[in-house]
Amino acid sequence: MNEHVDGSVLYTRNEAAAEALLFASGGVITPENICLVLKVTKNEALDVMSRLSARYKARRGGIILREVGEGWQLSSDPEYYDDMAAYFQESASGALSRAAMETLTVIAYNQPVTRAGIEMVRGVNSDGIISKLAERGLIEERGHADSPGRPTLYGTTELFLKSIGIKDISELPDISSQSEAEAASSPEQAL
Amino acid sequence: MVNIKLDVFEGPFDLLLALLEKNKLDVTDIQISIIADQYIDVLNADFDMEIASEFLVMASWLLHLKSKKILPKEEKDEDEEITEEELVRRLTLYKKYRDATPEITEKYDYWSRSYYKMPEALQYPKLYQPADIDIDDIVSVYRDVNERYKLRHNDNRENMERILKVEKVSIKDKMKQVVSNVLRKAKTCFSEMFSAAKNSRAEIVTGFLALLELERRKRVRVRQTENFGEILVLPGEDIENDDYGFTDDSGLNGDFTDE
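Residues numbered from 1 in each chain as written. Chains lettered and ligands numbered in written order. Predicted model: local features only at pLDDT ≥ 70, side-chain atom pairs only at ≥ 80, totals over all residues. Heavy atoms only, no water.

Undergrad: Would you mind going over the sheet that holds strand β2 (residues 188–189) of chain B in detail, with residue names and values included?
TA: All names here are of chain B. The three strands lie next to each other as β2-β4-β3, forming an open sheet whose pairing is antiparallel. Each having just a single partner strand, β2 and β3 (220–224) make up the two edges of the open sheet. Relative to strand β4 (residues 231–235), β3 runs antiparallel, the two being bridged by five bridges. Within the sheet, the bridge partner assigned to Arg221 lies in β4 and is Leu234. Its contacts with the sheet put helix α7 (residues 171–185) on β2, β3 and β4, and the angle it makes with β4 is roughly 75°. Against the sheet, helix α9 (residues 201–216) makes contact with β3 and β4, and its axis sits at roughly 115° relative to β3, the strand it touches most. (Pairing = 2+ DSSP bridges. Helix = DSSP H or I, 4+ residues; strand = E, 2+ residues; numbered from the N terminus. Contact = heavy atoms within 4.5 Å. Axes fitted to C-alpha atoms, helices over the stretch in contact; angles between N-to-C directions.)

What follows is the structure, encoded as structure tokens:
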């Protein structure tokens, strides 16, 4: 995705059409959508999007092209959030409490997970926080576990991925061996 | 005495980890007697009836573990669920996610400052192809609909007459009518013989039944090229047969009235 594109070179017809589609849709555009519109193969579609992504990175404008799941979406650059705050009354999202972020982290790494599973990890009842996270669209129900009572399973949403700037959950920071590593270096955290 | 405010902690594990860190103890090397005392101290110093019950459950868990250390070794404890190993396991698990939270939070605080457009309410992907119709089809359908509308709503005088004069329509009569029409013209169509403009609904229905009966008896042949299209009526091989009677099991003896 880091293909070099000379900003002074004009867009190809396909790059321009793909950009028009991204704008017109507003939503996430998948490689299949690009294939349909440009009448190209999937590899050609990926190639077009790779060049378009490179152009967006190179031009450093206020609109950025982000990878979301299998597709792409246009959004405003977070760098200019404060500039726009003068214009908008409400924030794009609003900060979450530490408890909410912790719960979100537990769900992100363990999805799909039940309420009981979340509570087991955190050591406290998290029902209220889970409802709030679902309300904000950061997590969603993912069917039911096969255990007794068939409890609801929760997982993170596309909005969650966008909200932490990753394209899928495989891009979550690696924590598999963190506990041992941290135990060795023994950081002294102030209380 | 440990001076810690309880409400900054997310739960008992969070508080325990803080105490361990303050005492420079590793998660795998909990000094139960020290930690249990400090934990109870924090709860006592900042006690509140609103406190989450989980903090109290942990306090009893810690006291239980501490008492087991002090008291001489008993035979196997029945309450195997509450062991130091289990506490270490749970603390280690919690620590993993507690420590991952700041990085996720940092990412969230940055990337959630991005605005998206709401997806347009466009119909996509395109799911249908336009039907294969031309302007003539539209005109003919329009005429048809218009005709039926007029008949249904504008012709009240005739309707009244029809209602006042209860008519009696028999299949036999209609069969005779169809046959005479076919004999006269050799080729005719259903709408010429029966139409909403000239006939009552009962007459049209009976006429249609008569037509089916004649077809069954091979006195006429019926052709229709498309659904709802014109029904052509042609002479059949037995057109000259003069028998209009019904056998008992035909079920078509009755007369249809338009009351």
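From this point on, the discussion continues.
Undergrad: Report on the interface of chain A and chain B, specifying residues and quantitative values.
TA: How big an interface is tends to be reported as the loss of accessible area on association of its parts. Contact with chain A, which involves 55 residues of that partner, is made by 42 residues of chain B. Buried surface at the junction of chain A and chain B, both sides included, amounts to about 4600 Å², of which 60% is carbon and sulfur. Connecting chain A to chain B are three salt bridges. With eight residues, the single largest contributor to the side of chain A that touches chain B is helix α5 (residues 98–110) of chain A. Here the side of chain A that touches chain B is built from residues that sort into 24 nonpolar, 18 polar and 13 charged. (Buried area = accessible area lost by both parts, 1.4 Å probe. Salt bridge = Lys/Arg side-chain N within 4 Å of Asp/Glu carboxyl O. Nonpolar A, V, L, I, M, F, W, Y, C, P; charged D, E, K, R; others polar.)

Undergrad: Can you lay out a negative patch on the surface for me, pointing to particular residues and giving the numbers?
TA: Residues and elements named next belong to chain B. A grouping of Asp134, Asp136, Asp137 and Glu226 is seen on the molecular surface, where their side chains present a negatively charged patch. Inspection of the secondary structure puts Asp136 in helix α5 (residues 135–154). When its relative accessible area of 54% is taken as the criterion, Asp136 is described as exposed. (Patch = residues over 30% accessible without salt bridge, like charges linked within 9 Å, V, L, I, M, F, W, Y side chains within 5 Å. Areas by Shrake-Rupley, 256 points an atom, 1.4 Å probe, with all protein chains shown as cover. Lys, Arg positive; Asp, Glu negative; His and termini not counted. Charge placed at Lys NZ, Arg CZ, Asp CG, Glu CD. Buried < 20%, exposed > 50% of the residue type's maximum accessible area, 1.4 Å probe, protein only.)

Undergrad: Now, about the sheet that holds strand β3 (residues 113–114) of chain A: what can you tell me, with residues and values included?
TA: Residues and elements named next belong to chain A. Strand order in this open sheet of three strands is β3-β5-β4, and the pairing throughout is antiparallel. Every interior strand has two partners, whereas the edge strands, β3 and β4 (139–144), have only one. In this structure, β4 lies alongside strand β5 (residues 152–156), joined through four bridges in antiparallel fashion. Across the sheet, the residue bridging to Glu141 is Tyr154, located in β5. Across the sheet, α5 touches β3, β4 and β5, and the angle it forms with β5 is around 95°.

Undergrad: I'd like a description of the packing of helix α1 (residues 13–25) of chain A against helix α3 (residues 42–59) of chain A, backed by residues and values.
TA: The relative placement of two packed helices is expressed as an angle between their axes plus a distance between the axes. Residues and elements named next belong to chain A. Contact geometry of α1 with α3 gives a least axis separation of 9 Å together with a crossing angle of 75°. Judged by the inter-axis angle, α1 sits roughly perpendicular to α3. Facing α1, whose interface residues are Asn14, Glu15, Ala18, Glu19 and Leu22, α3 presents Val48, Met49, Arg51, Leu52, Arg55 and Tyr56. (Parallel < 35°, antiparallel > 145°, perpendicular 65-115°, else oblique.)

Undergrad: Account for the side chain of Ser114 of chain B, naming residues and giving values.
TA: Positionally, Ser114 of chain B belongs in the loop between α4 (84–111) and α5. Among the polar contacts listed, one links the side chain of Ser114 of chain B to the backbone oxygen of Ser76 of chain A, at a separation of 2.4 Å. (Polar contact = N/O pair within 3.5 Å; in protein donor to acceptor, adjacent residues only side chain to side chain.)

Undergrad: A description of the packing of helix α2 (residues 31–38) of chain A against α3 of chain A should follow, citing residues and the corresponding values.
TA: Residues and elements named next belong to chain A. Where α2 meets α3, the closest approach of the two axes is 9 Å, and the angle between their N-to-C directions is 100°. Classified by the angle their axes make, α2 and α3 are roughly perpendicular. Facing α2, whose interface residues are Pro31, Glu32, Ile34, Cys35 and Leu38, α3 presents Lys42, Ala45, Leu46, Val48 and Met49.

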